[in-house]
Structure formats: structure tokens, C-alpha cells
Amino acid sequence: MIHSLKRALTDIRSNKFLNLITIITISLSIMVVSVFLLFFENAGRVIESWNQGGRAMIYLKGEFNTDMLPQLKAKINALGDIDEMVYISKAKALDTLKKTLASQTTFLKTLKKNPLPDALEIKIKSYKNFQGVQTLAQNIKAIDIVDDIEYGQGWLGQFLKLFKLFKITGYAMCGFFFLIALFITANTVRLAFYSRKLEVDIMRLVGATEIFIKAPFYIEGLVQGFLGGVLGLGALLATYLMVSSGITQSLASYVYFDIRFLSVKMVMLIIFSSTFLGWFGCYLSLKQIFK
Amino acid sequence: MIRLFNVSKRFGGKLALKNISLDIEQGEFIFISGPSGAGKSTLLKILYLADNIFEGQVLIDGMNLSRISSSKLPVLRRRFGIVFQDFKLIPTLTVYENISLVLEAAGKKTSFIKKKVMQVLRSIGMEKKAKAFPLTLSGGEQQRVAVARAVVGEPSIILADEPTGSLDSTSARAILDFLMEYHKKGSTILIASHDLHLMKNTIKGRNIELNAGRIVSTDIMY
């Protein structure tokens, strides 16, 4: 093991340029992949916190009267997944609107009739599952007296479409960069192998096992993968620190958008994956050479 | 110990070895002589498993080389110590590292390796050059290191392909004397060389003369 480690480090030192190129390639690939993961993690959080934690407004038809309320509540509760339910009468809604608009309420005085509908504000339990919420909303809307239901489906639907598009692009880009990094790693190991062919031949002749011969190459691949991963994430972190505050500030006036760096779990996963990538490139190369 | 039955080797259409049959006993000193192209190196390569495509049978301690599994190859190879005419030292490793490689490959402990390598280096008078790199040494010194590497694992068989070919007579004699010492300790030694004169004046053993891939004579040198 000590021999293998020593040989791997010696080889990295003696082929500095080649190893540097490989590490940079891996780090660039990891950076591209991490950018997508960063987007997915943050977008995922935005989706999770959509509509202030699963609040939805059920607007009722004009023929609704408060006598119908207990029966309606029972019907909605029977559909399940409802945490809270608050009735907001059209009078209360208008009152709230007046308070909200404050000085700009003069036009409201000209109204002959309250245009706002009676409503129920509900809080959905499992609001993180958008499809589940959609189904629940459809079931609520199917109740006779319900006119409409609003749960942020407009912007969220658009956002999810964009999210899906990014996801597909992300997968394609990740796959593409993974293959590039794999190809470069495999070729670096191949070049390292041929530059040490004499050593390998002598090792064979003195009775070294294949594991003993291959171990330094595997260590080299693991080191390249690990350093590539760390460097890629480091570059992403630096970029994130530079631009994240700017993005948050510019979006703060429109939406609450808290951009965070990748979670520790994700960082560990990326470093593990890039280390595995280094090992796998080495494995493919050696498998071909020793065939 | 080593048995060859009708061993032939072809390179393309040309036969480099033709029906070689030979028995070598434990502790023998074998000198394989003959002109260039006689098949000396080819025969040694078959014995040290650098070439496993040949006709006939080769048995080493009862193990048939044609049927040996790849997992047992390294173990069998550790029975050999090999000396090459061009030394085949790894230029990026120091003298110490070149020699210790054999013991590391055999999975020996670091403390044992250090002790053993220094012991062998002392015996060839190279302990002060332990940290030197091969290319900074003279030809004679490099061959001494190559011999040290061949013997450090205490192999039962030492195969030397033209070990004195590129050395002056003094260095060549030193190498042969060193190999003789290991022969006295019980190792079987096979030396392939065209320098029959030097061998006859230095070693005692069996001379097998090859020519055009055939054994043309066998005699004892006293």
C-alpha cells in the first residue's frame, strides 16, 4: 500500500501537466454538474415553499349562504389532506381589501354591490406534492357550490415546466460532461501506464501481482477525481459567493428567494462521485490494457 | 527441477528453438553458450515466463508452464531472479527502490525489506549508492544493482541473459564471482552468454551449446 501510494504520488509529480489538465477537466465537469444541482436544490426549495406553505383559497358561487357552510366544510374535509379551514365572508374580504388599500379606497365607495365572493381559506397538509395538490384542487372544484380554487397554479405550473426543461437539459449536460471527464481520465491513466511500461514489465517479471501493479494507477485516478471534485466545488462556491447576494437583492422586490449553496450531503455526494469517476476512468483504461 | 521436452519456438515461419529437451537439477550451474541468434535468450525468456507461446512442455518443480493459471504466475516468478544484459533498472527509482521492488511485490514487511536490501547492497559494495539513480552509475555498477535485485528475494533459480555482455573484464568477473557465491548457497544458475572464454576461466558447471536453435553439445567445465 505504501509502495502504491508512493508510486502514485511520484507519477503525479513527474506528469504534473497531464495530471493538472485531467484535474481541471474533471473540475470543470463537476462545476457544470454542480451548477445544475445548485439550481435543482434551490428550485426544489422554492417549490416546497410555494404559496406560503400550502395555502389555497376556495371561492364560492353567488348562491352560497352561511347555512351551507357546515355541509361544505364536511365535504371538503372528507376529501382529506386539509390542515386548517377558515371561512372568509365577502363582507370581511371587502373590509380587508379596504384596509389593505388604505388611501386608495375611494373607488370602492362607488360600488353598489360587493363584487367579492365568499371564500374558504384552507391549508393543505402535503403541499410539497404538487400533483397531489392538483388532484385535491380538482376534487374541491367539482363541489357544486365551489366556483374556483386558487393555489398558485398559474406561476407554479410555468415554473414546473421550466424546472422539467432544466432537469432534462441538466441530465444531458451531466451525462455529456461525465463522458468527457471519463474519457480524459482514462486517457491520462493510459498515458501514465505507457510511460511506466518498463516498470510494469519489470514488476511482472519479479512476481508482482496484478493488484500490486494496478494499485498506483487506481490511487492516481482516485486522487485526480477527488481533487477535481474539490476544485470544481471550490470554483462554484467562489462564483456563488460573488453572485448570490446580487441575485437575491434583485429578486427580493418580486419574490422571497433565498439562494443557498449546495447542502453538505450534496457536496459529499459530488466529491464521492468525482472520486468514483477518477477510479472508473482508471478501471476502464486498465481493463483494456490488461485484456 | 527444470525439465524441457521437445521445446520449439517459432517467430513467424522461422524456428528459433528446435526440439530442445533438457533436465536441470537443483543447484546446478548451467552455462548456455552459442553465437548470436542461437536461441539462448529465447530459451531463457520461455523459462522466466516472458514468452508463453511455444511448442513442447516446460516443467518447473513439476508445474507445467503451459497450463499454469495467471493467478499462480506471480508466485512462480518469485522463484526466479533475472539479470538482463541491458540491466532493465527503472530510471525513476533509486538503487534502493529498484532492489526493494522485488520484496514489496512479494508483500514483505518494510523493516524486513530495509534490512535485506541493505544487506545485499553491502555484499555488492554499493551501500553508499543506495539513494543514487541508475543513470548516474557506471555500467558495471548498474549491472551489480541488477544482480542485487535478482538475488534479494533469495530465488531458487537465477537466470542471467548476457550479464557480462556490456561490461569490461574486471566488472564481468565481479558479477560472475557474485553469482558463484549464490550458487554455493544452493541456487540453480543459468547464464546465457557468447563469451565462452570468460566463463571457462571463471565458473564450474555444465555448458550447453546452442546453435541455430538446437543443442549442439553439452560438456562439463571444471
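In short, a report on the structure. Only a predicted model underlies this, so the values are computations on that prediction, with no experimental measurement involved.

Calculation criteria
- Residues numbered from 1 in each chain as written.
- Chains lettered and ligands numbered in written order.
- Predicted model: local features only at pLDDT ≥ 70, side-chain atom pairs only at ≥ 80, totals over all residues.
- Heavy atoms only, no water.
- Helix = DSSP H or I, 4+ residues; strand = E, 2+ residues; numbered from the N terminus.
- Rg over C-alpha atoms; globule rule 2.2 N^0.38 Å.
- Buried < 20%, exposed > 50% of the residue type's maximum accessible area, 1.4 Å probe, protein only.
- Contact = heavy atoms within 4.5 Å.
- Axes fitted to C-alpha atoms, helices over the stretch in contact; angles between N-to-C directions.
- Parallel < 35°, antiparallel > 145°, perpendicular 65-115°, else oblique.
- Left-handed = near helix turned anticlockwise from the far one by under 90°.
- Nonpolar A, V, L, I, M, F, W, Y, C, P; charged D, E, K, R; others polar.

**So, the overall build of chain A**
Here is step 1: Each helix and strand counted, chain A has 11 helices and 4 strands in total.
Here is step 2: In summary, chain A has a C-alpha radius of gyration of 30 Å against a globular reference of 19 Å for 291 residues, an excess of more than 25%.
Here is step 3: For chain A, the spread of C-alpha atoms along the three principal axes comes to 100 × 40 × 25 Å.
Here is step 4: Taking all 291 residues of chain A together, the buried fraction comes to 40%.

**Brief notes about the side chain of Thr42(B)**
All names here are of chain B.
Here is step 1: Relative to the elements of secondary structure, Thr42 occurs in helix H1 (residues 40-47).
Here is step 2: By relative accessible area, Thr42 is classed as buried at 13%.
Here is step 3: Once you skip the residues sitting within four places of it in the chain, Thr42 turns out to touch Lys9, Phe11, Ala16 and Leu17.

**Details of the packing of helix H3 (residues 95-105) of chain B against helix H5 (residues 139-151) of chain B**
When two helices pack together, their arrangement is given by the angle between the helix axes and by the axis-to-axis distance.
All names here are of chain B.
Here is step 1: For the pair H3 and H5, interaxial distance at closest approach is 8 Å and the crossing angle is 25 degrees. Put simply, H3 runs roughly parallel to H5. The handedness of the crossing between H3 and H5 comes out as right-handed. Between H3 and H5, the residues in contact are Val95, Asn98, Ile99 and Val102 and Val145, Ala148 and Arg149, respectively.
Here is step 2: Within the contact of H3 with H5, the residues separate by chemical class into 5 nonpolar, 1 polar and 1 charged.

**Thoughts on the side chain of Thr275(A)**
Here is step 1: Within the secondary structure, Thr275(A) sits in helix H11 (residues 264-289).
Here is step 2: If we skip the residues at most four places from it in the chain, Thr275(A) touches Leu222(A), Gly225(A) and Phe226(A).

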